[in-house]
There are 2 protein chains.
Amino acid sequence: MSLKQELVQIAKDAQVASRFLLSVSSATKNKILEDMALSLSSGRDKIIRANRKDISEAKKQGLSKAFIDRLTLDRKRIGEMCNSLSEVAKLNDPVGEVIKAWRVPNGLWIHKVRVPIGVIAVIYESRPNVTSDCIGLCFKSGNSVILRGGREALNSNLSIHETLRQVLKKYNIPEGAVNIVATKDRKAINALLKLDNYIDLVIPRGGESLINMVSRVSRIPVIKHYKGICHAYVDDWADLNMAQNICFNAKVQRPGTCNAMEAMLVHKHVAARFLPGMIKQFKKAQVEIRGCPITQKIVKGIKKATAKDYSTEYLDLILSVKVVASLDEAIDHINTYGSCHSDAIITENYENALAFLRRVDSACVYVNASTRFTDGYQFGMGAEIGISTDKLHARGPMSLEELTTYKYMIFGDGQVRK
Amino acid sequence: MSLKQELVQIAKDAQVASRFLLSVSSATKNKILEDMALSLSSGRDKIIRANRKDISEAKKQGLSKAFIDRLTLDRKRIGEMCNSLSEVAKLNDPVGEVIKAWRVPNGLWIHKVRVPIGVIAVIYESRPNVTSDCIGLCFKSGNSVILRGGREALNSNLSIHETLRQVLKKYNIPEGAVNIVATKDRKAINALLKLDNYIDLVIPRGGESLINMVSRVSRIPVIKHYKGICHAYVDDWADLNMAQNICFNAKVQRPGTCNAMEAMLVHKHVAARFLPGMIKQFKKAQVEIRGCPITQKIVKGIKKATAKDYSTEYLDLILSVKVVASLDEAIDHINTYGSCHSDAIITENYENALAFLRRVDSACVYVNASTRFTDGYQFGMGAEIGISTDKLHARGPMSLEELTTYKYMIFGDGQVRK
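Parameters at a glance
Residues numbered from 1 in each chain as written. Chains lettered and ligands numbered in written order. Predicted model: local features only at pLDDT ≥ 70, side-chain atom pairs only at ≥ 80, totals over all residues. Least-squares fit on C-alpha atoms with pLDDT ≥ 70 in both. Contact = placed C-beta atoms within 7 Å. Pairing = 2+ DSSP bridges. Helix = DSSP H or I, 4+ residues; strand = E, 2+ residues; numbered from the N terminus. Axes fitted to C-alpha atoms, helices over the stretch in contact; angles between N-to-C directions. Nonpolar A, V, L, I, M, F, W, Y, C, P; charged D, E, K, R; others polar. Parallel < 35°, antiparallel > 145°, perpendicular 65-115°, else oblique. Expected span 1.5 Å × (residues − 1). Buried ≥ 20, exposed ≤ 12 C-beta atoms within 10 Å, placed from the backbone. Arc of directions from axis to C-beta.

Q: Please set out the relation of the copies chain B and chain A residue by residue, giving values where relevant.
A: Once turned by 180° and shifted 0.0 Å along the axis, chain B lies on chain A with an RMSD of 0.0 Å. The symmetry that links the two subunits is that of a two-fold axis. Residue histidine 393 of chain B of chain B places its C-alpha closer to the rotation axis than any other residue of that unit, at 2.2 Å. Comparing interface residues between copies, 100% of those in chain B also lie at the interface in chain A; the contact surface is shared.

Rendered as C-alpha cells:
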C-alpha cells in the first residue's frame, strides 16, 4: 500500500468508528477511560523504554535541552498522563445535551442537540504526553482521532497508542477510534490534509511555520492554536498597585506560555508615576524592556521597541512597553498587533472596562486580572486540547464541549409542508 | 489601483467598520434596517431600471428562462425584499447574549458572550434579492459584509447596494459595513479568498463547481451551502398512509429546492404493500422513478437506478427508490450517499426512531415529517443566509445567531496566577 492509500484507509476506518461511537454510553466511555489510565500506568516501563530510543536518537541529532525535556517521559510524567485520563473520565459528557428545544406552530418539535464532530486530526510537536491527552478528550467527546505527533517522538507515541488501543479492543470498540500515523515521512501531513471526505477537523499545535503550512494546504476546516501576543493595558484610572501586581504576574510567572504578556500599554497620564517602579521590578526579575520613545524618556537606558517587537511572541523574559494617549489608542494597538488571544485592562473606570471588553477582538478579554488565566483548568472546563485563536468554530480554551457540534432532531407526527 | 489593491482596501475598510459596529445599539440597528426597507421601496424604479440592463444583457447572451426569472426584479419582488429587511429588524439581536457565565474559585467571573464574527464575504449566484437579504442579516448581527454576486446581476446589485449605503451614511455608520465587489472580473473571487487577515468567514452559495472552487482556494474559513441529497426512509414499522403523504410532499411540493427528497428508501417487509400505490401517485404527478432491482420487480416498467443516481441532486421531478433489508442498511445508505442535509424516517417504532435520529449524520434529521421543513422561517429562526451542510461552525439553517461567535469576558478584582 502506498502512503496515500494507507492514510485513506486510516481515515475511512476512523469515520466508521466515529459512527460506532455515537452509540456508546457515557458510562462505558468513562469505564474505558479509567481502564486506559490503569493500562498506561501498568505499561509505563515499556513506554519509558520506547521513549529512551527517541531520546537517544534526539541526542545524536544534537537537539536542544529544552526539546529533549519536552520529549522525555518518566514515571512522574506518565503518572500525570494517567491522572489526566481519569479526570477526563470525571468530566461531564457533552454529547446528547439539548442546547435548545422548541415547538413551532404546526407542532414540529425541534431539538438542537450536541453531537460529536466526527473525525479529528491533531498535528503536534514532539511531546508524547499530548498523545494520551488528545486520545482521552476526543474519545470522551465521541470523536475518532488521527494523531500525527512530531517525528522525534514516534517510538513513544506508538507505544502509548498501542497500550490504549488494546483497551478499546477489550471493550469491542472499533480500533479506528484511535489512530496514529506511524511514519516519519513528512509527506504524510500533506496527504492527510486532503482527506476532507473523511476528516472533519484539523487541530495543528506547534510552531508558527507548521500552523501556516497546515492552514495553507488543508482542505479540511482548521482550528489554529496560534501564537499569543497578549497585552495588559494600564488605564489612567488604574489602581497602580494592582496594575503592578497583575503586569508582573502576566509577564514573569511563566513567560514561556502563550497566555503570558508580551506587551504592556500604559496611559500617558499615569506613565511617569507607574513606569519607574514597574520597570525596576521587571529588571530585578531579569526582564529585558524594549520601550517606545516616551518610555525611553521616563526610564533611562532602555532599548527601543520596533513595530516588529510589537508583533513578536517572545515566550521569554522580554517585554515591549508603549505609552498610549488614550483607551482608543490602546484598543487599536491591541487589535492591530495582537493575536486575538488574551488581553487585559487594569482600571477602576466602569465605562472604560466595558468599552475594552466589548471592543478588543480577542478570545479572552480581562478586567483587573492576569492574562495567565486563559487555560482550560483555570476556567473550570477541565483538560484542554488547545487554545483557539480562531473565531470559528471555537475560541479560547477548547475542552470537551468545543470538540462537539450540533444537529437538529425534529419530532413530527405526519407534518407536510403547505 | 490594481484589482488586488482595491480588494485589500475594501477588506480593510470592512474590518474597521466591523469594529465600529460593536458599539451600535440594537435599537439603532433596527431603525436603520427599517429605513433601508423604506429606501428600497422608494428607490424601486431606479433599481428596476438597472435590473432591466442586466436582463437585456442576459437575453443577448441567450441565458435560460429560469436564469432570467431568478435575475428579474419587479415591484412585487422588491416589496418582498423590503418586508424581509423589516422582519430582520424585528428579530432578536443575538449580539451580547450571555451564553453562559460562572464564577471560579479565585473569584474570577467568566462570561461567555455572543459577538459578531467580524467580516463576512458572501459569494452568490445572479439573484439580486440575495443582496439585500445578506446586507440585512449581516448588519443586524453586527458583521461587515462583502458581497460578490453573479456577474450577470452587477447593475442590479450596484443599484441596491448604493440605495442601502446611503442609509448607512445618513446614520454616520462607516460605509465599509456594506461592500460590493464592483467588477465582472472572475479573478476577484480568487483574490478575495486570500484575504484571511481581514475576512473572517466566506459563505459561497451556488452551484457545486463554485462551492468546490471556493473550498479549494480559500484561506478563509468557509461554510458551504452545499447540495441537498435528502432521503426519506419508510421503516417496516411505518404508518404507510403517513409515509405516502410525507414522501409525496417531500418530492413534489417544490422539487427544485435543496430540502426536497431525492431518494426514497423502503424496508423490504413493506415494499410490496407500499410501493405500487406510492409510485402510482408519483407517476400521476409526472415524477420519473429510477429503482433498484427489487423495486423494478415490484413495479414494472421502471428505469434502473445506478450508484450515480443515488449521489445526484436532481432538483427535478426524478426520484430514486431503493428497497433495503434493515434500518442499518438505510442509515448506511444515507451516510454514504447523502449530503448531510435533511433526512427523515417514517416509523411508529420508538427504538428505530431514536436510532435514526442519533446515527444519521445530517444537519436535520426528522421523524414522521417532510424534509421540506429545513428552512429558517419554518424553524422559527426568521430569514436565513443559507443552509449549512458543513459541521463547523454552523449546521442547517443559518440565521442571525449562526452569524455570531463568542468571546470570554472575564471580570476580576486583582487576581494573579499562583
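Q: Break down the sheet that holds strand β5 (residues 178-180) of chain A for me, citing the residues and quoting the values.
A: Residues and elements named next belong to chain A. Read across the open sheet, the 4 strands follow the order β5-β4-β3-β6; overall the sheet is parallel. Either end of the sheet is taken by a strand with one partner, and the two such strands are β5 and β6 (201-204). Strand-to-strand twist in this sheet, taken as the mean axis angle between neighbours without regard to direction, amounts to 20°. Bridge count between strand β3 (residues 119-123) and strand β4 (residues 144-148): 5 bridges; the pairing is parallel. Directly across from valine 119, in β4, lies its bridge partner serine 144. Contacts from helix α1 (residues 3-21) reach β3, β4 and β5 within the one sheet, and its direction differs from that of β4 by about 145°. Across the sheet, helix α6 (residues 129-140) lies against β3, β4 and β5, angled at about 165° from β4, the strand it touches most.

Q: Could you give an account of the interface of chain B and chain A, naming the residues involved and the relevant values?
A: Contacts between chain B and chain A engage 57 residues on the former and 57 residues on the latter. If you list the elements that add at least two residues to the side of chain B that touches chain A, you get α9 (208-217), α10 (240-252), α15 (350-359), β13 (364-369) and β16 (404-415) of chain B. Of all the elements, β16 of chain B adds the most residues to the side of chain B that touches chain A, at 11 residues. In terms of residue class, the side of chain B that touches chain A is built from 26 nonpolar, 18 polar and 13 charged. Here 5 bridges tie strand β16 (residues 404-415) of chain A to β13 of chain B, and the two strands are oriented parallel to one another. The residue of β13 of chain B that forms the bridge with glutamine 415 of chain A is alanine 369 of chain B.

Q: Can you tell me about the packing of helix α2 (residues 26-42) of chain B against helix α5 (residues 75-90) of chain B, naming the residues and giving the values?
A: Residues and elements named next belong to chain B. Direction vectors running N to C along α2 and α5 enclose 175°, while the axes themselves pass 8 Å from each other. Classified by the angle their axes make, α2 and α5 are roughly antiparallel. Residues Asn30, Leu33, Glu34, Met36, Ala37, Leu40 and Ser41 of α2 form the contact with α5, whose own contacting residues are Ile78, Met81, Cys82, Leu85, Ser86, Val88 and Ala89. When the residues that make up the contact of α2 with α5 are grouped by side-chain class, the tally is 10 nonpolar, 3 polar and 1 charged.

Q: Residues and numbers for helix α3 (residues 44-60) of chain B, please.
A: Note on helix geometry: an α-helix contains 3.6 residues per turn, so any two residues three or four positions apart are oriented the same way. Residue and element names in this part refer to chain B. Relative to the 24 Å expected for 17 residues at 1.5 Å per residue, α3 spans 24 Å between its end C-alpha atoms, a close match to the ideal helical length. Among the residues of α3, Arg44, Ile47, Ala50, Asn51 and Asp54 are the ones counted as buried. The arc enclosing the buried residues of α3, seen along the axis, measures out at 130°, which places them on a common side. In α3, the exposed residues that point more than 90 degrees away from the buried face are Asp45, Arg49, Ser56, Lys59 and Lys60. Buried positions along α3 lie against α2, α4 (65-71), α5 and α7 (154-170).

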